[in-house]
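What follows is each chain in one-letter form.
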Amino acid sequence: MDPRHSAQDVHRCDLCETAIVHSYCDFCHVNLCIPCIGKHISDGYDKHKIVPFQERRSTLIYPKCEIHPHKNCELQCKDCNSSFVCSSCTASEQHRGHIFEDVSTVYKAKKVTIEKDAEELVNLISPTYVKIARDLENHLANLDEGYEKLTTTMSKQGEQWHREIDMVINNMKTEINEIKVKHRNILQKHLDEIKEIQSLIKQTLQAIKDIEQATEVSLTIEYSSKIREFSKLPPKIQVSLPKFIPKQIDHETLYNLFGQITPLSTATEEITLSRNQPITTVRELLDKPELVATIQTGHEKLRNVTCLNEGRIWTCGESNDIKCFNIQGSLLQTIKKKFGKFPNDIAIDNDGNLLFTNGATRSVNKENNGQTEELIRLQGWVPKQLCVTSSGDLLVTMNSVDVTQSKVVRYSGSSEKQTIQYDDDGKPLYQANKTSKYITENLNHDICLADSGARALVVVNQDGKLRWKYTGHPSVTKKNPFEPWGITTDRQVRILTADIYNHCIHILDQNGQFLHYIDNCDLKNPCGLCVDNNGNLFVCEYDKGNVKKIKYLK
């Protein structure tokens, strides 16, 4: 058996290693086919217990008695700290008057406790720790952004202060210019007065010169001296320049006026497990799933379906419209877009918004109240299918434009967080082709992808490490090769995938073991799948354009 495919291979006989297992030795823990049963018990050993394979490990293996090695300890002594004892030990002096209890009773009670512990660990404690870790990761991822906002706010305060200071300086410069004008006017006025006197003196000197040269007696006699008038000098005007007296900068006051940074605050908050909320009850599979309703969508080539908690489902096919129906099948809304050929996939985010991939624009978009917002635009890659994780991240399958590569990318908002493309040996996890690669996240955070081109389910853990592959289940009634065209998970951590050409649904456990077929509801070419909160399965019928609602849980 190839260990790389052991997770999806059927159980084989441990003796011949070729035939399909039929029975099981519950004492030796050996898988057996029908021909090898006789070979196994031919050694004459009387402890062999052959049971049907489905009832394996049902026989309890009791510990051997240390005092009576030929006997099994099927009892526990309550008075001796629950030590194991055989029937011979009960009659010994050591255990006289003691109280004994069947080991099988203790075993069954402990099994119930273990099952409850496992259930609580899987459904309550482990998810709580996952949420705590993711919250911390988100805090760390947003740390730089938070501090960048802090420094941006401080820089804006600095810019505001600079503007205010510039305004003060400009006002002061304006005031200085006004003072300078006054200063100039005063000096100019005084200069004009002096120049006027100088002109009078010049005129007087010219008059004296004319008298000195003249012989007319009257001019000399009429001369009036102005020396007294000119000797009275005008006062000297002194106008001092204004001064700027800067105030001393008080750094502490300035720091306090500018603002303050609050100190780092650390607080602890007690986290309590919400045990008052019921742990998810394990619901068994119905032997015969029931067809509850058929919704006629009117789509030609119906490919995808996704549902909301309030009982609405969205559908799309190979056309340029996305339709919303209520659970009774009434059409509530139609959204028409230019998708090129058609939307590759649709999903609902945690806020109830419709998401869709557009291969023509190589984008992932959000539709909200009639407005389309582009979340992601790819370069060199074409988005195919998508799903929203429990943490609100977005998982998108995509092919390179030349269809030579295929990968899964995790986004937080529009930021790429993780790329899943290769296994530990560097080999591609997903086949590079144009076929659909439906994707979903399981309750245990495994990423499950239906690779129709590779005819396989490929399941990796949340770190992108390959866990297992599933390539179908042997069946005499399924004639066509396994080709998964849709995938979803339920609250029981089960995986459901649509086998389009065998007209059925495969149900697997979280480890890739086949559990059951849904093949009795007259399904025709099933593809897109989703499960609502009540455990109802919705199945797209590709050619008929119907969505079938199926009850498959008890």
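Procedures and definitions
- Residues numbered from 1 in each chain as written.
- Predicted model: local features only at pLDDT ≥ 70, side-chain atom pairs only at ≥ 80, totals over all residues.
- Heavy atoms only, no water.
- Buried < 20%, exposed > 50% of the residue type's maximum accessible area, 1.4 Å probe, protein only.
- Helix = DSSP H or I, 4+ residues; strand = E, 2+ residues; numbered from the N terminus.
- Pairing = 2+ DSSP bridges.
- Salt bridge = Lys/Arg side-chain N within 4 Å of Asp/Glu carboxyl O.
- Patch = residues over 30% accessible without salt bridge, like charges linked within 9 Å, V, L, I, M, F, W, Y side chains within 5 Å.
- Areas by Shrake-Rupley, 256 points an atom, 1.4 Å probe, with all protein chains shown as cover.
- Axes fitted to C-alpha atoms, helices over the stretch in contact; angles between N-to-C directions.
- Parallel < 35°, antiparallel > 145°, perpendicular 65-115°, else oblique.
- Contact = heavy atoms within 4.5 Å.
- Nonpolar A, V, L, I, M, F, W, Y, C, P; charged D, E, K, R; others polar.
- Expected span 1.5 Å × (residues − 1).
- Bend = angle between axes of the 7 residues up to and from the residue.
- Core = buried A, V, L, I, M, F, W, Y, C linked by side-chain atoms within 4.5 Å.

Caption draft 1: Spotlight on the pairing of strand E16 (residues 381-388). Here E16 lies mainly inside the structure; eight of its eight residues are buried. When E16 meets strand E17 (residues 394-400), the two strands line up antiparallel, connected through six bridges. Across the sheet, residue Trp-381 finds its bridge partner in E17, namely Ser-400. Turn length for the E16-E17 hairpin, with the two strands adjacent in sequence and antiparallel, is five residues, and the turn residue Gly-392 shows positive phi of about 95°.

Caption draft 2: Seen up close, the pattern of salt bridges. In total, this model carries 17 salt bridges according to the counting rule given. Note that Glu-93 and Arg-96 form a salt bridge whose closest N and O atoms lie 2.6 Å from each other. Pair check on accessibility: Glu-93 and Arg-96 agree, each one exposed. In this structure, Glu-318 engages Arg-303 in a salt bridge whose closest nitrogen and oxygen atoms are separated by 3.0 Å. Of this pair, Glu-318 sits in the loop between strand E9 (312-317) and strand E10 (321-326) while Arg-303 sits in strand E8 (residues 302-307); the two residues are 15 residues apart in sequence, bridging distant segments of the chain. Judged by relative accessible area, which is 30%, Glu-318 ranks as partly exposed. In this structure Arg-303 comes out as buried when scored by relative accessible area, which is 9%. Several salt bridges share partner residues, and in doing so they unite Asp-393, Arg-410 and Lys-417 into one network.

Caption draft 3: Spatial organisation of a nonpolar patch on the surface. A surface patch of nonpolar side chains, about 570 Å² in accessible area, is lined by Leu-140, Leu-143, Tyr-147, Leu-150 and Leu-264. Sorting elements by how many residues they give to the nonpolar patch places helix H4 (residues 143-213) first, with three residues. Given a relative accessible area of 44%, Leu-150 falls into the partly exposed group.

Caption draft 4: Representation of the packing of H4 against helix H7 (residues 251-258). Across the interface, H4 lies against H7 with an axial gap of 11 Å and an inter-helix angle of 115°. In terms of orientation, H4 and H7 fall into the roughly perpendicular class. For the pair H4 and H7, contact is made by Met-154, Gln-157, Gly-158 and Trp-161 and by Leu-254, Leu-257 and Phe-258, respectively. The residue makeup of the contact of H4 with H7, split by class, is five nonpolar, two polar and no charged.

Caption draft 5: Quick peek at the sheet that holds strand E28 (residues 526-531). Strand order in the open sheet made by the four strands is E7-E30-E29-E28, with antiparallel pairing throughout. Sheet topology places strand E7 (285-296) and E28 at the edges, where each strand pairs with a single neighbour. With direction set aside, neighbouring strand axes in the sheet form an average angle of 25°.

Caption draft 6: Inspection of the sheet that holds strand E12 (residues 345-348) at higher detail. Taken in spatial order, the four strands line up as E12-E13-E14-E15 in an open sheet, and their pairing is antiparallel. Strands with a single pairing partner mark the edges of an open sheet, and in this sheet they are E12 and strand E15 (371-377). In this sheet, adjacent strand axes meet at a mean angle of 25° when their direction is disregarded.

Caption draft 7: Looking closely at helix H3 (residues 103-141). The terminal C-alpha atoms of H3 lie 53 Å apart, and with 39 residues this matches the ideal 57 Å at 1.5 Å per residue to within 8%. The sharpest bend along H3 reaches about 45° and sits at Leu-121. All of the buried residues in H3 are Val-103, Ser-104, Glu-120, Leu-124, Ile-125, Val-130 and Arg-134.

Caption draft 8: Expanded view of unusual backbone geometry. Of note, the phi angle at Glu-17 is positive, near 65°, even though the residue is not glycine. Among the structural elements, Glu-17 can be located in the segment before strand E1 (23-25). Non-glycine residue His-503 carries a positive phi angle of around 55°. When you line up the elements, His-503 lands in the loop between strand E25 (495-499) and strand E26 (504-508).

Caption draft 9: Layout of the nonpolar core. Judged by nonpolar contacts, the single largest core of 25 residues is most densely connected at Val-305, Ile-313, Leu-457, Trp-468, Ile-487, Ile-495 and Val-547. A total of three residues in this core trace back to one element, the largest contributor, which is E8. Dropping the residues within four chain positions of it, Ile-313 is found in contact with Ile-295, Val-305, Thr-306, Cys-307, Lys-323, Cys-324, Phe-325, Phe-538 and Val-547. Judged by nonpolar contacts, the second largest core, of 15 residues, contains Cys-521, Val-531, Val-539 and Ile-550.

Caption draft 10: Highlighting the pairing of E9. Counting buried positions over the six residues of E9 gives five, a clear majority of the element. Where E8 meets E9, five bridges bridge the pair, whose relative direction is antiparallel. Counterpart to Thr-306 in the pairing with E9 is Trp-314. Examined bridge by bridge, E9 and E10 share five bridges and lie antiparallel to one another. Note that in E10 the partner of Cys-316 across the bridge is Ile-322.

Don't take any of this as a statement about function, it's just geometry.
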